[in-house]
Amino acid sequence: MVTRPRAAGSVWVIALRGEFDFESSPGVDEAITQALRTDSSPIVFDVTEVGFCDSQLLGSLLRAARERQVGLIGAGSLMRRLTEVTGTGHLLVHYADLDSACAALADGPQRG
């Protein structure tokens, strides 16, 4: 399940819940497109409840990161391992919580 983007301080939040693969990626892409069209704020993905994901979700998140600053909150071992193995952690930065993400992303790009 993908929630509609919602404003939270200086960022847009998109919550992802469940399992993500080829069939579920259009919902993620639609939410990203909606956030991108709204304004230029960073996007934070709440991945606390992601049970499974494949390269399709990673590709969607990286497409968002090409357009905006992106952060992940609630990343468990699955998401952390995915960004570590693929070397994308500098684009998909992990934050402890929404407040931390808002504070860091408000300060400007975290890209290396």
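The structure displayed is predicted, hence computed values, not measured ones.

Asker: I would appreciate a short explanation of the overall build of the protein in the present structure.
Answerer: Counting its secondary structure elements, the protein contains four helices and five strands. For the protein, the α and β elements follow one another from N to C terminus as β-β-α-β-α-β-α-β-α. Against the globule reference of 13 Å for 112 residues, the protein gives a C-alpha radius of gyration of 12 Å, in line with a compact fold. If one aligns the C-alpha atoms of the protein with their principal axes, the spans along those axes are about 35 × 25 × 20 Å. Counted over contacts in the protein with a minimum sequence separation of 6, partners at least 24 positions apart contribute 66%. When the accessible area of the protein is evaluated, it comes to approximately 5,800 Å², of which 50% is carbon and sulfur surface. Charge-centre separation for the protein: the mean point of 10 positive side chains lies 5 Å from the mean point of 14 negative side chains.

Asker: Sorry, what's going on with helix H4 (residues 98-106) here?
Answerer: Every α-helical turn comprises 3.6 residues, leaving residues that sit three or four positions apart pointing alike. Within H4, burial applies to Ala101, Cys102, Ala104 and Leu105. Where H4 is buried, its residues contact strand E1 (6-8), strand E2 (11-20), strand E3 (43-53), strand E4 (70-73) and strand E5 (93-95). The distance from a side-chain oxygen at the start of H4 to the backbone nitrogen of Asp99 is 3.3 Å, and the residue carrying that oxygen is Asp97.

Asker: Would you mind showing me how to read the packing of helix H1 (residues 25-38) against helix H2 (residues 55-67) here?
Answerer: The relative placement of two packed helices is expressed as an angle between their axes plus a distance between the axes. Following both chains from N to C, one finds H1 and H2 inclined at 10°, their axes separated by 9 Å at the closest point. Accordingly, the angle class assigned to the pair H1 and H2 is roughly parallel. Together, Ser25, Val28, Asp29, Ile32 and Leu36 of H1 and Gln56, Leu57, Ser60, Arg63, Ala64 and Glu67 of H2 make up the contact between the two elements.

Asker: Which parts of the structure should I look at to understand the nonpolar core?
Answerer: Residues Ile14, Leu16, Phe45 and Val47 are the most contacted members of the largest nonpolar core, which totals 24 residues. Breaking this core down by element, the ones donating at least two residues are E2, H1, E3, H2, E4 and helix H3 (77-86). Beyond its immediate chain neighbours, meaning those up to four positions away, Val47 contacts Leu16, Leu72, Ile73, Gly74, Ala75 and Met79. Ranked by size, the runner-up nonpolar core spans 11 residues in total, among them Val11, Tyr95, Cys102 and Leu105.

Reading the values: rules and limits
- Residues numbered from 1 in each chain as written.
- Predicted model: local features only at pLDDT ≥ 70, side-chain atom pairs only at ≥ 80, totals over all residues.
- Heavy atoms only, no water.
- Helix = DSSP H or I, 4+ residues; strand = E, 2+ residues; numbered from the N terminus.
- Rg over C-alpha atoms; globule rule 2.2 N^0.38 Å.
- Contact = heavy atoms within 4.5 Å.
- Areas by Shrake-Rupley, 256 points an atom, 1.4 Å probe, with all protein chains shown as cover.
- Lys, Arg positive; Asp, Glu negative; His and termini not counted.
- Charge placed at Lys NZ, Arg CZ, Asp CG, Glu CD.
- Buried < 20%, exposed > 50% of the residue type's maximum accessible area, 1.4 Å probe, protein only.
- Polar contact = N/O pair within 3.5 Å; in protein donor to acceptor, adjacent residues only side chain to side chain.
- Axes fitted to C-alpha atoms, helices over the stretch in contact; angles between N-to-C directions.
- Parallel < 35°, antiparallel > 145°, perpendicular 65-115°, else oblique.
- Core = buried A, V, L, I, M, F, W, Y, C linked by side-chain atoms within 4.5 Å.

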